[in-house]
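# Descriptive analysis of the structure
Spelled out, the chains give:
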Amino acid sequence: MKIDWAALGSVFGVSLVVTVALVGLFTLGVVGLTKKESAEGGTAALAVTGAYACFAACAAAVAYGIYLIVA
Amino acid sequence: MEHITLLLGIVIVTALVFDFTNGFHDTANAMATTISTGALRPKTAVAMSATLNLVGAFLSVEVAKTISGGIINEQGIRVEVIFAALVGAILWNLLTWLLGLPSSSSHALFGGLIGAAVASAGWSAVNGSTVVTKVLIPAVAAPIVAGLASMLATRLSYAVSSHTDEKAASKGYRAGQIASAGLVSLAHGTNDAQKTMGIITLALVTGGVLAPGSNPPTWVIVSAGMAIALGTYLGGWRIIHTLGKGLTDLAPQQGFAAQTSAATAILASSHIGFSLSTTQVCSGAVLGAGMGRKGGVVRWSTATRMFAAWGLTLPAAGLVGAGAELLTRQGTWGTVVTGVLLIAGSTVIWALSRRKPVTSDNIHEIEPESAGVVTAAVAAVTPPPAGPVATADAPVDATADLKTTIPSPDAGTSAEPNRAATV
């Protein structure tokens, strides 16, 4: 019996890193958008830009996910 | 198509029924947390999931070459064995649905196949080490992988957003959750609808209708896609309730972390090649999200029943599959009796479910089980409501022996979370 520990380990590592990274990014985006209302001027613009950058990264991850399913 | 015999016809119909219960059972994986956090309304959620399942069925051209992935020796498999395996899988799926327990449809199918193959050709038909590597280890690993990822993600998310307005943020998390739920649904459609197509194709090849190595005909793809989508749309509300509310209480932020972890783990596992069961990944992710929030409560009594159901899936579906195989072996009448027993068993389970229905309308109102012991005691004292149980009149004797082969996860099953339903 051969158990593919390497594959199991990669699944474990990838799931952990990607999940934490995505949820972290998305949370930053959400925080950035809610900050917009309290901050003013330059800070607000920066927060919104940062937020959209975070969301864009998440959207890219979703697109890659769809690519993985379809391919 | 003109060569399809009665037996082959029955197998095809049964495979589609299994596909239906598969969709029905697994809607919860994609949509339970989405529904419980209010990201989508119940009907909208299942409609979206059904559509994506249907799309998924058509997306992939990579058809499951083997239905069991090497767990049993498929050489010289008879159509009756496939039929018996499906009977075992369907009955176990329905029983776990009645109890509201998320359990793996694939494992139910594997169990049925193993049981039927052993009854047909002895233990040599089963590849023991593949059972360990493809079923047992993933079953233990999946909830740990997804649960840990989801727990850490929940922690991180709460730490980062500790100073934000929760109400405004919830909207964002709900939107994010819909995206990850969509991915889970799509992945489910490509995997599980393919499985049924594989079964039907194998049956057609075995029956001599198709040449070995053929791709599934279009009508197989369409009907399998439709069956899984229909099952998904009707929704296994009992399981959705358990996964979305019964195991733990989820805030939108946790729901998002859980769903993202589930989607990531499913995609990572299918891409890297250590396949994990969707159901176990999703349940683990929900548990992890529950543990990740400060003050989060996980109802371990419900979780324990779920773990028990996971452990029982293979042997229980196997026993029914073996019994069905022994019957079908007796000839045409045996096959007919098996079919009748399947219908009777399903009817009984459906009738029992009507006693305390869980639907899209009352899913938010039913309270989750609070304390296992107390509810069990209360349920033991409360007389069961007089319901349409009598529908199960005619074949009672016959189904009795079928039902005894399905051990229920524990004695307190009457203490279902949805006990309080009065709608």
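All figures in this text were calculated on a predicted structure; none of them were measured in a lab.

On to the overall build of chain B, then. If you tally the helices and strands in chain B, you get 14 helices and zero strands. Mapped in sequence order, the helices and strands of chain B form the string α-α-α-α-α-α-α-α-α-α-α-α-α-α. Here chain B holds 423 residues, and 59% of them are scored as buried. Within chain B, contacts between residues separated by at least 24 positions form 88% of all contacts whose residues are at least 6 apart in sequence.

A word on the overall build of chain A. Within chain A, the regular secondary structure consists of two helices and zero strands. Relative to the globule expectation of 11 Å for 71 residues, the C-alpha radius of gyration of chain A, 17 Å, shows a markedly less compact shape. Its C-alpha atoms give chain A principal-axis dimensions of about 65 × 25 × 15 Å. When the 71 residues of chain A are sorted by exposure, 37% land in the buried category. As displayed, chain A offers around 3,900 Å² of accessible surface, 74% of which is attributable to carbon and sulfur atoms.

Glancing now at the nonpolar core. Ile72, Ile82, Leu86, Ile114, Ile240 and Val281 of chain B are the most contacted members of the largest nonpolar core, which has 107 residues in total. Top contributing element to this core by residue count: helix 3 (residues 79–98) of chain B, with 16 residues. Among residues more than four places away in sequence, those in contact with Ile72 of chain B are Ile77, Leu113, Ile114, Ala117, Ala125 and Val126 of chain B. Among the nonpolar cores identified, the runner-up in size contains twelve residues, and Leu22, Val23, Ala51 and Cys58 of chain A belong to it.

Right, let's talk about the packing of aromatic side chains for a bit. Residue and element names in this part refer to chain B. Taken as a whole, this structure holds nine aromatic pairs over all chains when the rule is applied. Measuring from ring centre to ring centre gives 6.1 Å for Tyr173 and Phe256, while their planes differ by 35 degrees; the resulting arrangement is tilted. One end of the pair, Tyr173, is in helix 6 (residues 166–206); the other, Phe256, is in helix 9 (residues 252–272), with 83 residues separating them in the sequence. Each of the two residues, Tyr173 as well as Phe256, counts as buried.

In this section: the interface of chain B and chain A. Counting from both sides, the interface comprises 41 residues of chain B and, opposite them, 31 residues of chain A. For the pair chain B and chain A, the summed buried surface comes to about 3,100 Å²; carbon and sulfur atoms form 89% of the total. It is Val145, Ile272 and Phe274 of chain B that lose the most area in chain B upon contact with chain A, and together they represent 16% of the buried surface on that side. Taken together, the links from chain B to chain A amount to one residue pair in polar contact (both at pLDDT 80 or more). If you list the elements that add at least two residues to the side of chain B that touches chain A, you get helix 5 (128–160), helix 6 and helix 9 of chain B. For the side of chain B that touches chain A, the residue count by class is 27 nonpolar, 14 polar and no charged.

So, about the environment of Met226 of chain B. Locating Met226 of chain B in the fold gives a position in helix 7 (residues 218–234). Distance from Met226 of chain B to Asp19 of chain B, taken between C-alpha atoms, is 9.2 Å for residues 207 residues apart in sequence.

Residues and elements named next belong to chain B. Enumeration according to the criterion identifies five salt bridges over all chains in this entry. Residue Glu80 is joined to Arg78 by a salt bridge in which the shortest nitrogen-to-oxygen separation is 3.6 Å. Accessibility expressed as a relative area gives 31% for Arg78, which makes it partly exposed. Here Glu325 and Arg78 are joined by a salt bridge, their closest N and O atoms 2.7 Å apart. Remark: Arg78 occurs in the loop between helix 2 (42–59) and helix 3 and Glu325 occurs in helix 11 (residues 300–328); sequence separation between them is 247 residues.

Moving on: the UniProt feature "transmembrane region" (unreviewed entry) in chain A. Residues and elements named next belong to chain A. Sites flagged by UniProt as "transmembrane region" (unreviewed entry) map to residues 6–33 and 45–70. Along residues 6–33 the backbone is 100% helical and 0% strand, and the end-to-end C-alpha distance reaches 40 Å. Between the first and last C-alpha atoms of residues 45–70 the distance is 37 Å; the span itself is 100% helix and 0% strand.

Every α-helical turn comprises 3.6 residues, leaving residues that sit three or four positions apart pointing alike. Residue and element names in this part refer to chain B. The terminal C-alpha atoms of helix 1 (residues 6–36), which comprises 31 residues, lie 44 Å apart, in line with the 45 Å expected from a rise of 1.5 Å per residue. A maximum bend of about 55 degrees is found in helix 1 at Ala30. Of all the 31 residues making up helix 1, 22 are buried; the element is thus mostly covered by neighbouring parts of the structure.

Mapped onto this structure's residue numbering, the UniProt feature "transmembrane region" (unreviewed entry) falls at residues 6–24, 45–61, 81–101, 108–126, 132–153, 219–240, 307–327 and 333–352 of chain B. Between the C-alpha atoms that bound residues 307–327 of chain B there is a distance of 31 Å. The span itself is 100% helix and 0% strand.

In this section: a nonpolar patch on the surface. Residues Val14, Val17 and Val18 of chain A together with Ile272 of chain B make up a contiguous nonpolar surface patch of about 280 Å² in total accessible area. Within the secondary structure, Val18 of chain A sits in helix 1 (residues 5–38).

All names here are of chain B. As a packed pair, helix 2 and helix 6 sit with axes 7 Å apart at the nearest point and diverge in direction by 50 degrees. One way to sum up the angle between helix 2 and helix 6 is to call them oblique. Where helix 2 crosses over helix 6, the two elements pack in a sense that is right-handed. Only Ile178, Gly182, Ser185, Leu186, His188, Gly189, Thr190, Ala193, Gln194 and Met197 of helix 6 make contact with helix 2, whose side of the interface consists of Met48, Ser49, Leu52, Asn53, Val55, Gly56, Ala57 and Leu59. In terms of residue class, the contact of helix 2 with helix 6 is built from nine nonpolar, nine polar and no charged.

Next up on the list: the packing of helix 5 of chain B against helix 9 of chain B. Residue and element names in this part refer to chain B. The geometry of helix 5 relative to helix 9 is characterised by a closest axis approach of 8 Å and an angle of 140 degrees between their N-to-C directions. In terms of axis orientation, helix 5 runs oblique to helix 9. The two elements helix 5 and helix 9 cross, and the hand of that crossing is right-handed. On the side of helix 5, the interface is formed by Ala146, Ala149, Ser150, Ala153, Thr154, Ser157 and Tyr158, while helix 9 contributes Gln253, Gln254, Ala257, Ala258, Ser261 and Ala265. Class assignment for the residues of the contact of helix 5 with helix 9 results in seven nonpolar, six polar and no charged.

Reading the values: rules and limits
Residues numbered from 1 in each chain as written. Chains lettered and ligands numbered in written order. Predicted model: local features only at pLDDT ≥ 70, side-chain atom pairs only at ≥ 80, totals over all residues. Heavy atoms only, no water. Helix = DSSP H or I, 4+ residues; strand = E, 2+ residues; numbered from the N terminus. Buried < 20%, exposed > 50% of the residue type's maximum accessible area, 1.4 Å probe, protein only. Contact = heavy atoms within 4.5 Å. Rg over C-alpha atoms; globule rule 2.2 N^0.38 Å. Areas by Shrake-Rupley, 256 points an atom, 1.4 Å probe, with all protein chains shown as cover. Core = buried A, V, L, I, M, F, W, Y, C linked by side-chain atoms within 4.5 Å. Phe/Tyr/Trp six-rings, centres within 6.5 Å; stacked < 30°, edge-to-face > 60°. Buried area = accessible area lost by both parts, 1.4 Å probe. Polar contact = N/O pair within 3.5 Å; in protein donor to acceptor, adjacent residues only side chain to side chain. Nonpolar A, V, L, I, M, F, W, Y, C, P; charged D, E, K, R; others polar. Salt bridge = Lys/Arg side-chain N within 4 Å of Asp/Glu carboxyl O. UniProt positions renumbered as here; feature names shortened; annotations may be inferred. Expected span 1.5 Å × (residues − 1). Bend = angle between axes of the 7 residues up to and from the residue. Patch = residues over 30% accessible without salt bridge, like charges linked within 9 Å, V, L, I, M, F, W, Y side chains within 5 Å. Axes fitted to C-alpha atoms, helices over the stretch in contact; angles between N-to-C directions. Parallel < 35°, antiparallel > 145°, perpendicular 65-115°, else oblique. Left-handed = near helix turned anticlockwise from the far one by under 90°.

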